[in-house]
Amino acid sequence: PIENSVYTTGSHWEFKYLNYEYMNAGLYSSQMYVSQFTLALMEDSGWYLIDYDYAERYTWGQDQGCSFINDECISTSTQQSNFPQFW
């Protein structure tokens with residue numbers, strides 16, 4: 001889930017999928033996380049040896065199913081959030 005925007009293409013996580021991750025472009029919050037997902041990317045780069053004990057628990061989208069990833073955040077018919085607990 002790599003960001004696909006003019007300024008951050010290929011270098012940051014897509015906000016919709018990994019909200020509040022440190023590798024998310026342009027989001028500033030007191031709730032920033034480094035999850036197993038980001039640590040795995042760092043390990044896969046071959047530059048880092050990762051101790052996953054330092055991964056933070058990440059609950060964004062937890063238990064929402066495939067629709068959280070595949071569907072739109074806002075309903076086009078109602079103009080309301082499809083996931084009000086997140087947006």
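### Focus on the overall build of the protein chain
Helix and strand counts for the protein chain come out as two helices and zero strands. The 87 residues of the protein chain split such that 26% are buried. In the protein chain, the proportion of contacts linking residues at least 24 apart, taken out of those at least 6 apart, comes to 26%.

### Some words on the environment of Tyr33
As for its position among the elements, Tyr33 is in the segment before α1 (36–44). Among the residues examined, Tyr33 registers a relative accessible area of 27% and is labelled partly exposed. Residues Tyr33 and Asn19, spaced 14 residues apart in sequence, show a C-alpha to C-alpha distance of 9.1 Å.

### Overview of unusual backbone geometry
A positive phi is found at Asp63, a non-glycine position, where the angle reads about 65°. Overall, the relative accessible area of 73% leaves Asp63 in the exposed class. Positive phi, close to 60°, is recorded for Gln79, a residue that is not glycine. Within the fold, Gln79 resides in the segment after α2 (67–70). Classification of Gln79 as exposed rests on a relative accessible area of 56%.

### Regarding the side chain of Ser35
Take Ser35: it is sitting in the segment before α1. In contact with Ser35, not counting residues within four places along its chain, are Glu21, Ala55, Glu56 and Tyr58.

### Focus on the packing of aromatic side chains
Aromatic ring pairs are described here by two measures, namely the spacing of the ring centres and the angle between the planes. In total, this model carries four aromatic pairs according to the counting rule given. Both rings, one in Trp60 and one in Phe68, keep their centres 6.0 Å apart while their planes meet at 70°; by these two values the pair is edge-to-face. The buried category is assigned to Trp60, whose relative accessible area is 13%. Classification of Phe68 by relative accessible area gives buried; the value is 3%. An aromatic cluster of three or more residues is present, and its members are Trp60, Phe68, Phe83 and Phe86.

Calculation notes
- Residues numbered from 1 in each chain as written.
- Predicted model: local features only at pLDDT ≥ 70, side-chain atom pairs only at ≥ 80, totals over all residues.
- Heavy atoms only, no water.
- Helix = DSSP H or I, 4+ residues; strand = E, 2+ residues; numbered from the N terminus.
- Buried < 20%, exposed > 50% of the residue type's maximum accessible area, 1.4 Å probe, protein only.
- Contact = heavy atoms within 4.5 Å.
- Phe/Tyr/Trp six-rings, centres within 6.5 Å; stacked < 30°, edge-to-face > 60°.

Such coordinate-based values are descriptive only and should not be taken to indicate function.
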